[in-house]
Amino acid sequence: MRVRERHGQDAVLRCPHCGERLAVPPAGELGDTHPTERPQAAAGSSGPAQTRTCGLCGWHNAAGDAVCEGCGTELATGAPPPVAGFRPWRVDPRLLWALGALVVLGTLAFGAELLLRVGADRRAVARGRAHLAAGRLAEAERSFREALAYRADNAAAWTGLGQVLLLRGESEQARRAAEQALAHERDRDPAALEILRGRLRMLRGEFAEAARSFERALRATGPRLEPSLLHWLAEALDRAHQDAAALVRYEEALASCADAAEAPHSRLRLALLLLRRGRLERAGELLEQIEPGAVPEADLLAVRGELLQRRGRTAEAADAYTRAAALRPEDPWLSYRAARARLALGQHQAALQALAAALALEPHNAEFLHLRGEALEAAGQPAAAREAYLAALAAEPARALTHLRLGLLAARAGQLSQARHELEAAVELDPTLLEARLQLAEVYRQSGALHLAAAALRVAAQLEPLRPEVHYQLAEVLRAMGEAAQAIAQLEEVVRLDPGSLPARRLLAELYAERGEPEAAASHQRAVVRLAPEDDAARLVLARLLLEADRHEAAIEVLHELLDRTPDNPEAKALLDRAQQQRFLGR
């Protein structure tokens with residue numbers, strides 16, 4: 001609000017708020033030469049002016065207006081309005097429209113950006129998963145990092161990024177990504193996170209823990225989340241030495257996800273598990289299904305060699321192992337398997353050469369040293385074999401098989417005390433080692449400790465009741481101890497398990513004859529003749545037993561058969577005369 005003060009003829013216009021003097025031309029000047037009229041006159045306009053600008057506030061008024069619409073100043077005189085009639089400045093409607101349009105456009109732009117950003121991280125995660133499933137690791141990583149750029153607490157994006165890093169071999173970075181995923185609750189995918197944790201644990205060798213992670217992921221969503229999940233679970237169980245569970249999971253994985261990237265590896269591992277259970281046909285079928293190049297050729301040759309060896313094709317197995325060792329010379333176990341197959345073929349020098357390659361990589365491996373001892377022993381070098389066995393025991397003292405081999409070496413050399421010491425150590429380390437018990441019983445017998453021998457053999461018979469040789473050896477010891485009845489019982493068990501056991505039949509015939517039971521003795525002796533038709537002495541024994549049993553006709557028949565084979569056999573002729581006389585006398 002402005003106030004005019006008059007001092008005589010002069011008029012002073014002051015601001016009512018601050019009191020500053022406003023420079024306003026005299027009224028006459030304003031009426032005669034208005035600033036808005038001068039330019040029009042100078043321009044020589046022929047028509048009336050369209051607007052009239054207020055000299056105080058600059059409002060553009062219509063040409064016929066007497067009072068400024070903006071501030072109420074009299075346009076003709078420049079006099080301000082009275083205080084009571086003051087009105088605030090008016091805003092140009094066009095400016096309002098412009099400001100309104102800017103507000104609307106700004107609101108639309110902000111809303112569009114907001115709509116675009118809402119859910120952008122989830123869409124990026126979905127794209128990343130699609131790329132990951134297709135094996136496009138670079139695109140998957142880019143999508144997951146884009147999701148994290150939208151929102152750094154997206155656990156699903158961290159999980160996906162960890163999977164990509166794991167596939168690229170960056171296990172430490174993958175571990176950090178997994179920790180970030182665990183740190184954020186929002187958008188966490190429990191199944192995917194368990195898969196990532198399981199695979200990280202596989203890299204660290206924590207196979208049992210990895211299997212548990214995969215089991216939890218499988219229970220959460222099943223294999224639809226990750227087709228390879230069943231394969232990973234089976235491998236974790238396999239490496240954790242849970243063979244039965246691994247076998248089931250491998251079969252399940254191949255049935256449901258036969259085209260997964262891990263399927264060839266699963267077929268190879270399953271074939272090996274089946275070989276250990278003697279299922280050779282199924283193992284062979286699985287090996288045939290593996291395409292060339294789908295698994296490392298050295299691994300395929302190694303398992304194929306195992307199959308060939310179990311089928312009795314040892315020479316082909318040895319060739320397969322040798323080729324595998326040539327493809328992967330840094331793996332000493334392939335050379336070891338080749339050496340084992342060569343030794344089974346009697347190729348001692350080839351076995352020693354293969355073992356030299358294995359020992360060059362692992363010079364203190366007890367199993368390699370033990371096999372070297374066997375090869376040297378087979379090559380007729382017992383002293384060198386003993387040194388190899390002692391080196392194996394130095395590397396691993398609790399090796400029952402090595403003590404057994406040392407005991408056998410000592411027994412062959414006649415060192416019964418040393419043999420007994422080594423064999424007792426073998427039995428103590430492995431009470432189920434049957435061969436050690438049998439050899440120890442033999443050492444006891446040779447040393448005259450028959451009761452110890454019988455005790456050792458009785459334990460062996462309990463451990464392996466279906467092994468005929470155990471019962472036969474026990475029968476020999478019992479006979480030496482004078483316990484014929486028990487010896488016969490053991491021998492009868494032998495012929496029950498193995499009716500074609502020639503030694504058992506001979507010993508039974510002898511024992512029954514000693515007990516005065518010629519009929520039973522003749523029954524077993526007849527089996528001896530049947531099993532050994534070229535044994536003329538056995539026919540003579542059978543004829544004598546038949547005569548003792550008063551079976552003259554049968555004895556004569558046996559003797560005629562013997563004389564047909566050896567007409568000049570004097571014992572047979574004499575026995576035939578005796579049999580004929582007894583028949584004639586009716587005895």
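Here, residues in each chain are numbered from 1, in the same order as that chain's written sequence. This being a predicted model, a pLDDT of at least 70 is required before a residue's local features are given, and a value of 80 or more before pairs of side-chain atoms are given or counted; all residues contribute to the totals for chains, interfaces and linings. Excluding hydrogens and water, the side-chain figures rest on all heavy atoms present in the structure.

**Brief notes about the overall build of the protein**
Next, step 1: In terms of regular secondary structure, the protein is built from 30 helices and five strands.
Next, step 2: Relative accessibility under 20% of the residue-type maximum defines a buried residue, over 50% an exposed one, and the middle range a partly exposed one, all with a 1.4 Å probe and only protein chains included. Taken over 587 residues, the protein has a buried fraction of 41%.
Next, step 3: The long-range share in the protein, meaning contacts at least 24 apart out of those at least 6 apart in sequence, stands at 42%.
Next, step 4: For the protein, the exposed surface amounts to about 31,400 Å²; the carbon and sulfur share of it is 53%. The numbering of helices and of strands both runs from the N terminus, where a helix is a DSSP run of H or I of at least 4 residues and a strand a run of E of at least 2. Throughout, a contact is declared for two residues whenever any of their heavy atoms are within 4.5 Å. Computed by Shrake-Rupley with a 1.4 Å probe, the accessible areas treat only the displayed protein chains as cover when residues are assessed.

**A few points about the side chain of arginine 267**
Next, step 1: Residue position: arginine 267 is located in helix H12 (residues 263–276).
Next, step 2: Residues scored as positive are Lys and Arg, those scored as negative are Asp and Glu, and His as well as the terminal groups of each chain are ignored. Salt bridges are counted wherever a side-chain nitrogen of Lys or Arg sits within 4 Å of a carboxyl oxygen of Asp or Glu. For the buried arginine 267, no salt bridge exists, and the shortest N-O distance to an oppositely charged side chain is 5.8 Å, to aspartate 259.
Next, step 3: Polar contacts here mean pairs of N or O atoms no more than 3.5 Å apart (in protein, one a potential hydrogen donor and the other a potential acceptor; neighbouring residues in sequence count only if both atoms are side-chain atoms). In this structure the side chain of arginine 267 is engaged in a polar contact, spanning 3.5 Å, whose partner is the backbone oxygen of alanine 258.
Next, step 4: Setting aside residues no more than four positions away along its own chain, arginine 267 makes contact with Leu254, Ala258, Leu286, Gln289 and Ile290.

**Observations regarding the packing of aromatic side chains**
Pairs of aromatic rings are described using the distance from one ring centre to the other and the angle between the two planes.
Next, step 1: Pairing of aromatic side chains requires ring centres within 6.5 Å, counting the rings of Phe and Tyr and the six-membered ring of Trp. Pairs whose planes differ by under 30 degrees are stacked, by over 60 edge-to-face, and all others tilted. The full count for this structure, using the stated rule, is four aromatic pairs.
Next, step 2: Ring centres 6.1 Å apart and planes at 35° place the aromatic pair phenylalanine 214 and tryptophan 232 in the tilted group. Taken as a pair, phenylalanine 214 in helix H9 (residues 207–221) and tryptophan 232 in helix H10 (residues 229–239) lie far apart in primary sequence, 18 residues in all.
Next, step 3: In this structure phenylalanine 214 comes out as buried when scored by relative accessible area, which is 0%.
Next, step 4: Judged by relative accessible area, tryptophan 232 falls into the buried class, the value being 10%.
Next, step 5: Chaining the aromatic ring pairs together yields one cluster made of Trp333, Tyr336 and Phe368.
Next, step 6: A positively charged side chain is recorded as over a ring if its NZ (Lys) or CZ (Arg) lies within 6 Å of the ring centre. The angle to the ring normal must also be within 35 degrees. Over the aromatic face of tryptophan 232 sits the side chain of arginine 199, whose NZ or CZ is 4.2 Å from the ring centroid.

**A few points about unusual backbone geometry**
Next, step 1: Here the phi dihedral of histidine 241 falls at roughly 65°; this positive angle occurs in a residue that is not glycine.
Next, step 2: Position of histidine 241 among the secondary structure elements: in the loop between H10 and helix H11 (243–256).
Next, step 3: With a phi close to 60°, aspartate 550 is a non-glycine residue in the positive phi region.
Next, step 4: Positionally, aspartate 550 belongs in the loop between helix H28 (536–548) and helix H29 (552–565).
Next, step 5: By relative accessible area, aspartate 550 is classed as exposed at 52%.

**Thoughts on the environment of proline 465**
Next, step 1: Structurally, the position occupied by proline 465 is in the loop between helix H23 (450–463) and helix H24 (468–480).
Next, step 2: For proline 465, a relative accessible area of 41% translates into the label partly exposed.
Next, step 3: Excluding anything up to four places from it in sequence, proline 465 contacts His471, Glu493 and Leu497.

**Observations concerning a nonpolar patch on the surface**
Next, step 1: Exposure above 30% relative accessible area and the lack of any salt bridge qualify a residue for a patch; like charges then connect within 9 Å, and the nonpolar side chains Val, Leu, Ile, Met, Phe, Trp and Tyr within 5 Å. Where nonpolar side chains cluster on the molecular surface, the patch consists of Leu95, Leu96, Leu99 and Leu102 and spans about 400 Å² of accessible area.
Next, step 2: Considering the arrangement of structural elements, one finds leucine 102 in helix H3 (residues 93–117).
Next, step 3: A relative accessible area of 58% means that leucine 102 is categorised as exposed.

**A look at the packing of helix H18 (residues 366–378) against helix H20 (residues 400–412)**
Next, step 1: Here the axes come from fitting lines to C-alpha atoms, over the contacting stretch only for helices, and the angles between their N-to-C directions go from 0 to 180 degrees. Contact geometry of H18 with H20 gives a least axis separation of 10 Å together with a crossing angle of 25°. Considered as vectors, H18 and H20 are oriented roughly parallel to each other. For the pair H18 and H20, the sense of crossing is left-handed. For the pair H18 and H20, contact is made by His370, Glu374 and Glu377 and by Leu401, Thr402, Arg405, Leu409 and Arg412, respectively. Each angle gets one of four labels, with under 35 degrees taken as roughly parallel, over 145 as roughly antiparallel, 65 to 115 as roughly perpendicular, and the rest as oblique. Crossing chirality is assigned from the near helix's rotation relative to the far helix, an anticlockwise turn below a right angle marking it left-handed and a clockwise turn marking it right-handed.

**Quick look at the pattern of salt bridges**
Next, step 1: In this structure the tally under the stated criterion is 37 salt bridges.
Next, step 2: With a shortest N-O distance of 2.8 Å, arginine 313 and glutamate 316 are connected by a salt bridge.
Next, step 3: Judged by relative accessible area, arginine 313 falls into the partly exposed class, the value being 36%.
Next, step 4: Three or more residues joined by partner-sharing salt bridges are found here, namely Glu194, Arg197 and Arg216.

**A look at the nonpolar core**
Within soluble globular proteins, side chains that are nonpolar tend to cluster in buried spots.
Next, step 1: With 59 residues, the main nonpolar core has Leu404, Leu491, Leu546 and Leu559 as its most contacted residues.
Next, step 2: Aside from chain neighbours lying at most four places away, what touches leucine 491 is Tyr472, Ala475, Ala504, Leu507, Leu508 and Leu511.
Next, step 3: For this analysis, a nonpolar core means a set of buried residues of the types Ala, Val, Leu, Ile, Met, Phe, Trp, Tyr and Cys, connected via side-chain atoms within 4.5 Å. Core analysis: the second largest hydrophobic core is formed by 36 residues, Ile195, Ala234, Leu270 and Leu286 among them.

**Some remarks on the packing of helix H27 (residues 518–531) against H28**
Next, step 1: Running from N to C, H27 and H28 point in directions that differ by 155°, and their axes come no closer than 9 Å. When the axes of H27 and H28 are compared, the pair comes out roughly antiparallel. Seen along the crossing, H27 lies across H28 with a hand that is left-handed. Counted together, Pro518, Ala521, Ala522, Gln525, Arg526, Val528 and Val529 of H27 and Ala538, Arg539, Val541, Leu542, Leu545, Leu546 and Glu548 of H28 form the full contact between these two elements.
Next, step 2: Residue polarity follows a fixed list, in which Ala, Val, Leu, Ile, Met, Phe, Trp, Tyr, Cys and Pro are nonpolar, Asp, Glu, Lys and Arg are charged, and the others, Gly among them, are polar. Across the contact of H27 with H28, the residue classes break down as ten nonpolar, one polar and three charged.

**So, H24**
Note: α-helices contain 3.6 residues per turn, so residues at a spacing of three or four share the same orientation.
Next, step 1: Under the convention used throughout, the expected extent of a helix is 1.5 Å for every residue step, that is, one less than its residue count. In a regular helix each residue adds 1.5 Å, so 13 residues correspond to 18 Å; H24 covers 19 Å between its end C-alpha atoms and thus fits that length.
Next, step 2: For H24, the complete set of buried residues consists of Val470, His471, Gln473, Leu474, Ala475, Val477 and Leu478.
Next, step 3: Backbone geometry just downstream of H24 places glycine 482 in the positive-phi region, at approximately 85°.

**Here's the deal with the side chain of arginine 405**
Next, step 1: Tracing the backbone through its elements, the reader meets arginine 405 in helix H20.
Next, step 2: Excluding anything up to four places from it in sequence, arginine 405 contacts His370, Glu374, Glu377, Tyr389 and Arg412.

**Things to note about helix H6 (residues 155–167)**
Next, step 1: With 13 residues, H6 should cover 18 Å at 1.5 Å per step; its first-to-last C-alpha distance of 19 Å lies within 8% of that length.
Next, step 2: Along H6, twelve of the 13 residues are buried, which leaves the element largely enclosed by surrounding structure.
Next, step 3: Turning to H6, its buried residues number three or more, namely Ala155, Ala156, Ala157, Trp158, Thr159, Gly160, Leu161, Gly162, Gln163, Val164, Leu165 and Leu166.
Next, step 4: Of the surrounding secondary structure, the elements contacted by the buried residues of H6 are helix H4 (120–133), helix H5 (137–150), helix H7 (171–183) and helix H8 (190–203).
Next, step 5: Glycine 169 sits one or two positions beyond H6 and adopts a positive phi of about 85°.

**With respect to the environment of arginine 175**
Next, step 1: For arginine 175, the location among the structural elements is in helix H7.
Next, step 2: Of the residues examined, arginine 175 reaches a relative accessible area of 27% and is grouped as partly exposed.
Next, step 3: In this structure the C-alpha to C-alpha distance between arginine 175 and threonine 159, which are 16 residues apart in sequence, comes to 9.8 Å.
Next, step 4: In this structure arginine 175 touches Leu200 and Arg204, once residues within four positions along its chain are discounted.

**Structural notes on the environment of arginine 583**
Next, step 1: Checked against the element boundaries, arginine 583 lands in helix H30 (residues 570–585).
Next, step 2: Separated by 27 residues in sequence, arginine 583 and isoleucine 556 have C-alpha atoms that sit 9.4 Å apart.

By themselves, these observations are geometric and do not establish any function.
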